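The chain contents come next:
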Amino acid sequence: VAVSRLVQDLQAREPGLNIAVLGDFNAEPTEAAVQTYLDAGLSQAMESTTDDAKTLTHSSGRAIDFILVNANLRADRVPG
């Protein structure tokens, strides 16, 4: 929660700032640990196009590792 507040504060103070939060969340996108960041305005940097690609972040077959970015950084992303 503290990091998501920091992200929101940074975006409010410096609207043009690129922000990324990344790591092993040990939680899937629907769980509170990830949803907190999504609610703060971040989204996944890499969006998969198939169900198989969504499970590649962990040997358990779950997507629990993320690179989350704000809208500014998403706009600067180079696909591929």
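Before reading on, note that the structure itself is shown above.
Residues numbered from 1 in each chain as written. Predicted model: local features only at pLDDT ≥ 70, side-chain atom pairs only at ≥ 80, totals over all residues. Heavy atoms only, no water.

Mind showing me how you'd approach the sheet that holds strand β1 (residues 20–24) here?
Hydrogen bonds along the backbone pair up the strands of a sheet, which may run parallel or antiparallel. Strands sit in the order β1-β3-β2 across an open sheet of 3 strands; the sheet is antiparallel. One side of each edge strand has no neighbouring strand; the edge strands of this open sheet are β1 and β2 (43–44). Bridge count between β2 and strand β3 (residues 65–69): 2 bridges; the pairing is antiparallel. For Gln44, the partnering residue across the bridge sits in β3 and is Leu68. (Pairing = 2+ DSSP bridges. Helix = DSSP H or I, 4+ residues; strand = E, 2+ residues; numbered from the N terminus.)

When you look at the nonpolar core in this model, what are you seeing that I'm missing?
The tendency in soluble globular proteins is for nonpolar side chains to be buried side by side. Membership of the largest hydrophobic core is limited to 10 residues, which are Val7, Ile19, Val21, Phe25, Ala27, Val34, Tyr37, Leu42, Phe66 and Leu68. Taken together, the elements giving at least two residues each to this core come down to α2 (32–39) and β3. Excluding anything up to four places from it in sequence, Leu68 contacts Ile19, Ala20, Val21, Phe25, Tyr37, Leu38, Leu42, Ser43 and Gln44. (Core = buried A, V, L, I, M, F, W, Y, C linked by side-chain atoms within 4.5 Å. Buried < 20%, exposed > 50% of the residue type's maximum accessible area, 1.4 Å probe, protein only. Contact = heavy atoms within 4.5 Å.)

Is there a simple way to explain unusual backbone geometry in this structure?
With the exception of glycine, the majority of residues adopt a negative phi angle, and the majority of peptide bonds are in the trans configuration. Its identity is not glycine, yet Asn26 carries a phi of approximately 50°, on the positive side. For Asn26, the location among the structural elements is in the loop between β1 and α2.

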